[in-house]
Amino acid sequence: MIFSSIEFFVFFVVVLLLMIAIKSSNIKRAILLVASYYFYAYWDYRFSFLMLAMTLVNYYVGLKMEASQNLKSKNTWLTLGVVFNLAVLGFFKYFNFFIDSLNVGLNNFDVKLPLLEIILPIGISFITFEVMSYIIDIYRGINKSAKSFWDFALLVAFFPHLIAGPILKPKQFLPEIEKDIVIKWKNVSYGLQIFLLGLVRKVIIADRLAMFVDPVFKSPQDYSSMTIWLAVIAYAIQIYCDFCGYTDMAIGVAKCLGFDVPKNFDVPYISQSVTEFWRRWHISLSNWLRDYLYISLGGNRKGKAKQYFNLLIVMLLGGLWHGASWNFVLWGGLHGVALAVHKMYMDFIGKNLKIPSYLYSFCTWLLTMIFILVTWVFFRATDFSVSSLMVRKMFYLTNSEGINWFASSLTMTVPILIVCDYVGSQLNKGVRLQLSTFRGLFVMFFVMLGLLFLAPQNPSPFIYFQF
Amino acid sequence: MIQKILDRNYVLSSSLGNFFKNHSQKEKNSKKQLVFKCFGAILSALVVWELILENTMEKSPGSITHPVLGKIAKPGINVQGEEGFSKTKINDLGMRGENILPKPKNKYRILAFGDSYTRALQVADNKTYSYLLQEALKNKYKFDIETINAGRDGASPAYYIHLASFYNSLIEPNSVIIQVTDQDFTEDILNKNKEFYVAKDGNSWQTKKNETSLSDDALSQIFLVKFPQLRFMLEYSVLRVGGKNLQKLLGTKENKLSLPGADSSQKKKSPDLSRYDAVIDWTVENIKNKYPKVVILYLPDYNNVNQSSSQIENALNKYTAKHKVDFVNMREDFINYYQINRQRVHGFNNTVPGTGHVNEVGNSLTAERLAVIFETRILK
């Protein structure tokens, strides 16, 4: 069940009406929990058992850690919890990847290890990070364990963010769950507007651009260098609108139900450095990597060289988190190097700079964008040979000839993207439509009808669902 | 127990009531006003979208029933293809372009028949192969040559054969181009759901008109059959575009909405391969007998442009030679052009290159080849 489907619309209306009709917060939480498990099981009912198992184990580990009197016992429980979570993630997501990589090495010895037929549970990476942050926070004393198992279960399974985040911080979100749940028209009206914004990003921008991006990435050898550049730019917009659109919808749905989910994007493509980009892109993942990986590795506390190295390691693992492929590792590695180089630059040169000129700002933006675009090639391409060919074609290192396809979808969607980002920033500032006025209702119905009329023939699945 | 249920219902209704009541009180609007505003807002949004769709992206302009030609595009309106960006006007006969005037004495008229590839709504009026051919011949011979684009979406040779006397008397062509594709023979010509089709008649074949054929579009079918009094609503773009998209969104299968009693399997059923030869032989012979100076133009579609010759193509080659009809096959031209220029002859900037209808390049190549045939075989 995806947010942009009729099934979800029906599901959500039923949940919302139940939440309005029922007074008891405990029953509301129970309804939300059941609805969340139903939402997850809609893909494959077996996934919900795995989620339940992860919830049970981590809740138990959290309780045990909190009850532990000494550090050693706490360490043991934390290690057990982390190993369990990583083992689940590793088995479902990376087992075949490692076997495949091993087989490449073993090829010389005529040995081939068999691959397992494993279904990747949807959103497993997000769930794993969420439960890990819960037990690590308890270990660090930042947070206490949930008041009840059901609250923790709802934190993990809460359907608006379940599949593709944002990764919620238990410290922030547990209090939201534990408080009284009240459905207010004000919130429903606001949530509806954010949801619609997300739907526009997804249906009108991302899905339309996918029609251009997919064929070019499928057979880049057929297309000219110019077209490949355009397709890469289109992909950059597509992935942003796809993921940000999903996040908007998640925030909107949560808001309707009376929950505040933090934003995950902040106009990332205006960044003037890779460091800034990661402050604006997938903010919940960046924060998670910083809080639970970078700081755990020592952060900036062990000297400059170690700090640069930590940045590289964090991004390498961040890349691998996205998917079991060397392309993702390379993508993460390139970002890690760029972060380290930028940090180095800021440490030695940048700190002496006065107020930067417009030209300097433009150059840093352009350089950042080129880097981001090139690295998206590795993120999107199916394998290394495709990404390598595309990068070579982009920089005219190989035959640049091919079909010149100046996809109109790109020129049509860019203005819509700018309007969406503007509307998004206005909504964040608290400016919203009054859905009791004619103007507010007109705009809402105009957008809703626009979604119906402008939806492309073949909707694409959400990109981040695979992670 | 009953008391409990009543209590529960009271709590439920009062909760719902409070939810909406609070809202309406805050906004100081009565429920009636809100409903009225909602209705007005929806209506206004629909009007604005109607204007936008009509002027930018309308894809199905509606149709009328012509006493002879059957269901044709509505005359006088501007239409736009789903692919490409061109717009064109529909004339009184449902063809693209201006109305056809009586033929002056010294005018040489070429009538171009075909399906959507000839109609070519995807390219501008001055980029269709029929227009480019006219201009090429005009420049070469310096006399009054006119090509008439009689392309019709979904048409097959059954249409041109069945309507030959109508076209000959009205348009008086000096020469005729019949554009065909594989699909004309594999899916359309024998399809009884089409408006004109070919059926077995003893040892020979005969064209027939299907008087009950209404529309290929399931939504329009529903309106036309179940609510004929509401058929005027099909005039509105918002209904047609929105209806189609809604059908898609709801995952409605075409079959579920097809006419009662219609045999949907017939549409998909491929005809017996052995029948191709006989039908093609009969088609070529009939076209030659019914029209003057015929050129048969074969356009490979994007799915098979890079493959070797199709069975239909081979049969066309064989029977055009047998009946001494000029035959133009664009396969090699399309492939050669791609190999030299790395540009596809199918597809547009708003579709996937290499897919869909023939683009400007393909139309231009076709016109060049036809011009050669006309210069060397027909006009010399």
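Predicted, not measured: the structure shown is a model, and the values here were computed from it.

What counts, and where the lines are drawn
Residues numbered from 1 in each chain as written. Chains lettered and ligands numbered in written order. Predicted model: local features only at pLDDT ≥ 70, side-chain atom pairs only at ≥ 80, totals over all residues. Helix = DSSP H or I, 4+ residues; strand = E, 2+ residues; numbered from the N terminus. Rg over C-alpha atoms; globule rule 2.2 N^0.38 Å. Buried ≥ 20, exposed ≤ 12 C-beta atoms within 10 Å, placed from the backbone. Core = buried A, V, L, I, M, F, W, Y, C linked by C-beta atoms within 7 Å. Contact = placed C-beta atoms within 7 Å. Pairing = 2+ DSSP bridges. Right-handed = clockwise from strand over helix to strand, strands pointing away. Axes fitted to C-alpha atoms, helices over the stretch in contact; angles between N-to-C directions. Parallel < 35°, antiparallel > 145°, perpendicular 65-115°, else oblique. Left-handed = near helix turned anticlockwise from the far one by under 90°. Nonpolar A, V, L, I, M, F, W, Y, C, P; charged D, E, K, R; others polar. Domains from an automatic or database assignment. pLDDT = per-residue confidence, 0-100. Expected span 1.5 Å × (residues − 1). Arc of directions from axis to C-beta.

Chemist: So what's going on with the overall build of chain A? Which residues, and what values?
Modeler: From N to C terminus, chain A includes 17 helices and zero strands. Rg of the C-alpha trace for chain A: 23 Å, near the compact-globule value of 23 Å for 467 residues, within the 12% margin. The principal-axis extent of the C-alpha atoms belonging to chain A is close to 65 × 65 × 55 Å. Looking at chain A as a whole, 44% of its 467 residues qualify as buried.

Chemist: Explain the nonpolar core residue by residue, including any values.
Modeler: Core analysis: the largest hydrophobic core is formed by 140 residues, its most contacted members being Ile135(A), Leu155(A), Ala157(A), Val213(A), Ala231(A) and Ala234(A). With 20 residues, the single largest contributor to this core is helix α9 (residues 225–256) of chain A. In contact with Ile135(A), not counting residues within four places along its chain, are Asn58(A), Val61(A), Gly62(A), Met65(A), Leu78(A) and Gly81(A). Judged by nonpolar contacts, the second largest core, of 64 residues, contains Ile189(B), Phe196(B), Val198(B) and Val345(B).

Chemist: Summarise unusual backbone geometry; cite the residues concerned and give the values.
Modeler: With glycine set apart, most residues show a phi of negative sign, and most peptide bonds adopt trans. Even without a glycine there, the phi angle at His282(A) is positive, about 40°. For His282(A), a count of 24 C-beta atoms within 10 Å corresponds to the buried category. Phi is positive for Lys293(B), which is not a glycine, with a value near 40°. Summarising the element assignment, Lys293(B) is placed in the loop between α11 (274–290) and β10 (294–298). Lys293(B) gets classed as partly exposed once you count the C-beta atoms within 10 Å, which come to 17.

Chemist: Account for the pairing of β10(B), with residues named and values stated.
Modeler: Residues and elements named next belong to chain B. Among the five residues of β10, five are classified as buried, and the element is accordingly described as predominantly covered. Pairing between strand β7 (residues 175–180) and β10: five bridges, direction parallel. The partner of valine 176 across the bridge, within β10, is valine 294. Note that β10 and strand β11 (residues 326–329) share four bridges and pair parallel. Across the sheet, tyrosine 298 pairs through a bridge with asparagine 329, a residue of β11. Handedness of the crossover joining β10 and β11 through helix α12 (residues 311–322): right-handed.

Chemist: Pulling in residues and values, what's your account of the packing of helix α2 (residues 25–41) of chain A against helix α6 (residues 149–157) of chain A?
Modeler: Pairs of packed helices are described in terms of their axes, by the angle between the two and the distance that separates them. All names here are of chain A. Viewed as axis vectors pointing N to C, α2 and α6 meet at an angle of 40°, and their least axial separation amounts to 9 Å. Between α2 and α6, the crossing angle belongs to the class labelled oblique. Where α2 crosses over α6, the two elements pack in a sense that is left-handed. Along its contact with α2, which presents Arg29, Leu32, Leu33, Ser36, Tyr37 and Tyr40, the element α6 presents Trp150, Ala153, Leu154 and Ala157. Each residue belonging to the contact of α2 with α6 can be placed in one class, and the counts come to eight nonpolar, one polar and one charged.

Chemist: Can you break down the domain arrangement of chain A residue by residue, with the values?
Modeler: Residues and elements named next belong to chain A. Per the domain assignment, the segments of chain A are domain 1 (6–183) and domain 2 (186–466). Averaged C-alpha coordinates put domain 1 and domain 2 at centres separated by 25 Å. With 24 residues of domain 1 at the contact, the number on the domain 2 side is 24 residues. Of all the secondary structure elements, the ones that give two or more residues to the side of domain 1 that touches domain 2 are α1 (6–21), α4 (71–106) and α5 (124–140). With five residues, the single largest contributor to the side of domain 1 that touches domain 2 is α5.

Chemist: For the interface of chain A and chain B, give the residues involved together with the corresponding values.
Modeler: With 25 residues of chain A at the interface, the matching set in chain B holds 34 residues. Within the residue set of the side of chain A that touches chain B, elements represented by two or more residues are α1, α8 (185–218), α16 (408–428) and α17 (438–454) of chain A. The biggest single contributor to the side of chain A that touches chain B is α17(A), with eight residues.

Chemist: Hey, could you go over the packing of α9(A) against helix α14 (residues 358–380) of chain A for me, with residue numbers and the actual values?
Modeler: All names here are of chain A. Where α9 meets α14, the closest approach of the two axes is 9 Å, and the angle between their N-to-C directions is 75°. Here α14 runs roughly perpendicular to α9, going by the angle between their axes. The residues of α14 that touch α9, namely those facing Val232, Ile233, Tyr235, Ala236 and Ile239, are Ile372, Leu373, Trp376, Val377 and Arg380. In terms of residue class, the contact of α9 with α14 is made up of nine nonpolar, no polar and one charged.

Chemist: Any chance you could break down the sheet that holds β10(B) for me, citing the residues and the numbers?
Modeler: Residue and element names in this part refer to chain B. Taken in spatial order, the five strands make up an open sheet running β6-β5-β7-β10-β11, and their pairing is parallel. Of all strands in the sheet, those with a lone pairing partner are β6 (145–149) and β11, marking the two edges. Strand-to-strand twist in this sheet, taken as the mean axis angle between neighbours without regard to direction, amounts to 20°. Across five bridges, strand β5 (residues 108–113) lies against β6 in parallel orientation. Looking at β6, one finds that isoleucine 110 is bridged to threonine 147.

Chemist: Can you lay out the confidence of the model for chain B for me, pointing to particular residues and giving the numbers?
Modeler: All names here are of chain B. In the predicted model, chain B carries a mean pLDDT of 79, and the fraction of residues at 70 or more is 79%. Averaged over each element, pLDDT in chain B is lowest for helix α10 (residues 264–268) (41) and highest for β7 (94). The model gives residues 252–271 a pLDDT under 50, and that stretch makes 20 contacts with residues more than four places away or in other chains. The complex model carries a pTM of 0.79, and its ipTM stands at 0.74.

Chemist: Give a detailed account of α1(A), specifying residues and quantitative values.
Modeler: Residue pairs three or four apart in sequence face the same way in an α-helix, which turns once every 3.6 residues. Residue and element names in this part refer to chain A. When the terminal C-alpha atoms of α1 are compared, their 23 Å separation across 16 residues agrees well with the 22 Å that a helix rising 1.5 Å per residue should span. Residues of α1 that are buried: Phe12, Val15, Met19 and Ile20. Considered in projection along α1, the buried side chains sweep an arc of 135° and stay on one side of the axis. Of the exposed residues in α1, those oriented more than 90 degrees away from the buried face are Ile6, Glu7, Val10, Val13 and Val14.

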